[in-house]
Structures are given as structure tokens and as C-alpha cells.
Amino acid sequence: MEGARAMATANGWIYADIFDQVATVVAPDQPALVHGATTTTWRDFDRRTNNLARALIAGGAEPGDKIAFYLRNHPAYLEGLVAAFKARQTHVNVNYRYVADEVRYIFENADATTVIFAREFSPIVETIADRLPLVRRWLMVEDGAAADVRRPSFAEPFESPTAHGEGSPVGNERSADDLFFLYTGGTTGMPKGVMWRQDALRRALINPALVARVPANLSEHIAIVRETGRGPINLPACPLMHGTGLFTALSALVAGGTVVTTPSPHFDAHEMWAAVDAHGVNQIIIVGDAFAKPMLRALDEARGKYDVSRVLSIVSSGVMWSREVKRDLLGHMPQVVLADSFGSSEAVGFGLSLTTTDGEIDTAKFKIGDNVKVFTPDGREIPPGAKEEGLIARGDPIPEGYYKDQAKTDATFKTFGGIRYSIPGDFCTVEEDGTITLLGRGSGCINTAGEKVFPEEVEEVLKLHPDIEDALVVGAPDEKWGQSVTAVIELRSGAEFHESRLRDHVRERLAGYKTPKRLFAVPTMFRAPNGKADYKGARDWVMQELGMR
């Protein structure tokens, strides 16, 4: 393992070097970033990211320091990310749906020293800043928030270090071992930082099934960019603060392309299609039906209004999207390839499912990726066609583990037959032809529109309410969200059931998407005689109450 890692480091080529060189071969006036009416050319993108990288270093940032991104989809996210690569800073994503204590946890757990945040989040930043002594620099992004949302006195405008300077390359020494963090939920409900070596992440994001040619080295990559002339015009409809949106946007820029973001704080399908039309978007990134269904409705409502003829692919990851919606989208765009990409924060490239007008693939069925196998929990490999359930596992390139959590690292990253694998916990079967059928996550993790919700976290908040004796939380099938957070509660003696009040209680303490869509009161909680939660019993009862069985 150490020998392989040393070889990868010696031969690695990393994002800072890629962006330095891509900027020399793309047309300088070609758009790199588009946000509403604002366009950043590749010339300006290179200059601004160099300026910010220099400013970070001049401000005392050391290689490996953590830089947190607390904002919605905005050009500043990608400018800050590329500047972080150039300054050898470690990216940390922050879910902007979190409440103050959840946001503070991410900053604190990651040991963040720099924070880039949007003006709209200034009130939360002000409430937590004095409890974050490691943060030395706060950079506020103007995001169109109301003027009465003032900039905290300790923060400086993001534009100050970014727009000013000579813009020349930084010229510092870099390493393929420089890290990139992607925070995700942990089994206890607390987010964990997945640690990617930059070289491993770069290799993981090159999917041979989706690119015409896999470059062997940086020189070959730059030659491909030069020959192509322009990379994808990418629109991440889903948040950049999640891996699905960020990884695909990053890949588009690496190819010398353009990333288009929409200014509205919430997803607006009509706004998205207008941007697709105006900027010739050919690649759209979504997370399942929560995005695909509004997109389809917008096309049906305004049939013929938007030019969608240049769209070549729509990629979904994080949650499955339904066959019916895919079919109807292809009715509007018969030239499009619809891709389900099966991956996680702990590894990408587990599998890929493509749908075109020429054919459909069953929901949850994927063509298995390179270096992917299926194992029993004790490490026995399951051969194709065995009709046996197992855990899907991805070999190199994979992350190093979880930041400051060796126990969870050991549980997720295991070595079988001398090969280290990432095993996030997804059960599947593998057919003779190498396709896999997903069965679900072995834990009770709830996937609601791509967001992971861990039942224990919501249960503990519910139990803080004086009227609740006990609580269990399960995921119920939901046409829009994939799964909806659903709570079953046992009231204390004499207490009355007020569903809306209980929902408000959770919403005040956790991100909105973690708030149960429905709550049900039962006389006795679903627990085994030993006190362990009977999640299956609770879920079966909920399904019956909802008329789903």
C-alpha cells in the first residue's frame, strides 16, 4: 500500500497545476463561470484565483490549512475552490441548510482557519464566530441578500483580495498528497470529513465510460483540451456544497469548460431552462426526481419555449430517479443521454446506468465500475451470478479515510486480499453480466432528495420535547423526495398530540430537511424485549398507515 501510494505521489498531477495550464490553452475570452447576467472569462478566472491564492498565503495560510465554503451556488464557490488548490488549502464543504450549532460543528471539526460565506448567512456567522478561535479569516461574498443583512465587522469582502493583484501564477511547490475534504453524514448523525488525496480524487473523477480518451499525464490532458477547444457547458441544478454538483462542475472546468449557476436561492425549473437556452448548456446535473419532476413539468407547461436541443446529458447521483420521468424527458429531448451515477462521498464510480431513446435500464440496476467488487460482510467475494446479497466495494482510487475518526475509517475502508476498498454499506446483488442491482443501505440512513438523514439524530431531538416519551424515525417511500423523514412517537402520560408543534420543535434545532414530514403517535413504541429499536416494525406500521401496503 505504501509503495503504491509513493508511486502515485511521484507520478501524480494535481488540480492547481491543471488549472495553471488549462488557462494557457483555452480562449481567454471564453466564459469559465456564468451566474445570471454575470460572466467570468477564463482570463479573469485565472487572474482572480491567482490573486486570492496569493492573498491567502500572504495572510499566513500554511499548506494543509482548512478553508470552509458556506454559500449557495455562486461563482465565488468555484473561484475559492481553485484558489484553495493553488494555495494548497484543504476544501471543506458546509451544508447551508444547517442551523447555527451544526454549522459551528463543521468549522470546529474540520479545524477551519478560513471561511468563505455568503452575506445571507452573516447572522449565523456572527452568533458562532467567537466560539471558533481557529478561524483567522472570514471572507464575505455578496450574494444579493437584503441590504439590512450587514457584513460582520470581523469579515472582509471576498472581492478585496480576489479582484486586486497582478494575477500571475503563484509558483509555489505543490504535492499530489494535498488533501480535499468532503463532509458527509456519519453513522451517529454527525457529519464526517472524507479525506481525499488530490491525485486520487482526480483519477476517481475520470470515468472511462463518459470520456472519449483518458489522458495518461498532464501534458496529454492539456493536449486534449487544446484539441477540443471548449469543454462541457455544465449547469449544476443541485447544490455545489454536495459532491454530485461540485465534482461535476470541477470536472467541467478541468476540461476547459463553463459552469453556469442560477441566482435564485431555491431551485426554479423555469429559471434553469432559461439559463440552458441562453448559454447553450449541454450538461445538467441533478439529484433524482426532486429535480427531474419540476424540470419535466416546466417543459410541459412551456412547450417549445426553451431551446433544449444542445443538451447532451443529464446526470443524476445520490438518489435514483424514476423510469417514467426519464421517458417523458426524452420525449422533449430525444438526443439526450440520461445517466444514473452510483457513488458516494466515500468513493465514486461504483456503477453507471445510461438511458437513451434506444433503450431503458431497470431502476436501481447499474453496470459495475472498474475496480469494483461485491463482498459479504466478512470479506468473502461474491462472484457474478451467485444471486447472493453483498456489500459493494470500490478499490483504488479511494479516500484516505475520515478526518479525526479512525474507528469509522476502519469500519468503512477495509483490506481484502491485500487490496484496500471503500465499503460505504450499500447492499446489492451482482448478475452474470456484471450489472448490479441496488438493495439499499444496510443502516437506517434515510436518503431524502440526496440529503442523508440519520434517524438517531432526529430521535434525540424529538425526545427533548417534554411531551415525548420515546421516538423512532424511519424513511417512507415518497414520490417527490425518494424517501420522506417520518417519525413514530410515544407520548408521555397525559400529553396531547400536536403534530405541527412537534415539527416546529425539530425545525428549530436541526436543518429543515431533517424535520419529519409526518409524525404518528402510538400507544407503545416499537422495541424488542431487549430494548433495541424495531425499525422494521415501525416502518411496516407507517406504510400501513399511509396506505402503502
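Residues numbered from 1 in each chain as written. Predicted model: local features only at pLDDT ≥ 70, side-chain atom pairs only at ≥ 80, totals over all residues. Heavy atoms only, no water.

With that settled, consider the packing of helix α12 (residues 289-301) against helix α13 (residues 323-332). Look at α12 against α13: their axes get within 10 Å of each other, and the N-to-C directions meet at 40°. You can see that α12 and α13 cross each other, and the crossing is left-handed. Touching D289, A292, K293, L296, L299 and D300 of α12 are V325, D328, L329 and H332, all from α13. Here the contact of α12 with α13 is built from residues that sort into five nonpolar, one polar and four charged. (Axes fitted to C-alpha atoms, helices over the stretch in contact; angles between N-to-C directions. Helix = DSSP H or I, 4+ residues; strand = E, 2+ residues; numbered from the N terminus. Left-handed = near helix turned anticlockwise from the far one by under 90°. Contact = heavy atoms within 4.5 Å. Nonpolar A, V, L, I, M, F, W, Y, C, P; charged D, E, K, R; others polar.)

The subject of this paragraph is the sheet that holds strand β8 (residues 179-184). As summarised here, the arrangement of the three strands in space is β8-β9-β19, forming an open sheet in which the pairing is antiparallel. Bordering the open sheet on either side are β8 and β19 (401-402), each of which pairs with just one other strand. Pairing of strand β9 (residues 192-197) with β19, which is carried by two bridges, proceeds in the antiparallel orientation. From the neighbouring strand, M195 faces β19, where its bridge partner is G401. (Pairing = 2+ DSSP bridges.)

The grouping of R297, K480, R507 and K517 at the surface amounts to a positive patch. Mapping K517 onto the fold places it in the loop between α16 (499-507) and β28 (518-521). Take K517: its relative accessible area is 31%, and that puts it in the partly exposed class. (Patch = residues over 30% accessible without salt bridge, like charges linked within 9 Å, V, L, I, M, F, W, Y side chains within 5 Å. Areas by Shrake-Rupley, 256 points an atom, 1.4 Å probe, with all protein chains shown as cover. Salt bridge = Lys/Arg side-chain N within 4 Å of Asp/Glu carboxyl O. Lys, Arg positive; Asp, Glu negative; His and termini not counted. Charge placed at Lys NZ, Arg CZ, Asp CG, Glu CD. Buried < 20%, exposed > 50% of the residue type's maximum accessible area, 1.4 Å probe, protein only.)

Taken together, the five strands give an open sheet; going across it, the order is β4-β3-β5-β6-β7, and neighbouring strands pair in parallel fashion. Two strands in the sheet have a free side with no partner beyond their single neighbour: β4 (90-93) and β7 (156-157). Pairing of strand β3 (residues 66-70) with β4 involves four bridges; the strand directions are parallel. By the bridge assignment, I67 is partnered in β4 with H91. Against the sheet, helix α4 (residues 75-87) makes contact with β3, β4, β5 (112-118) and β6 (137-141), and its axis sits at roughly 175° relative to β3, the strand it touches most.

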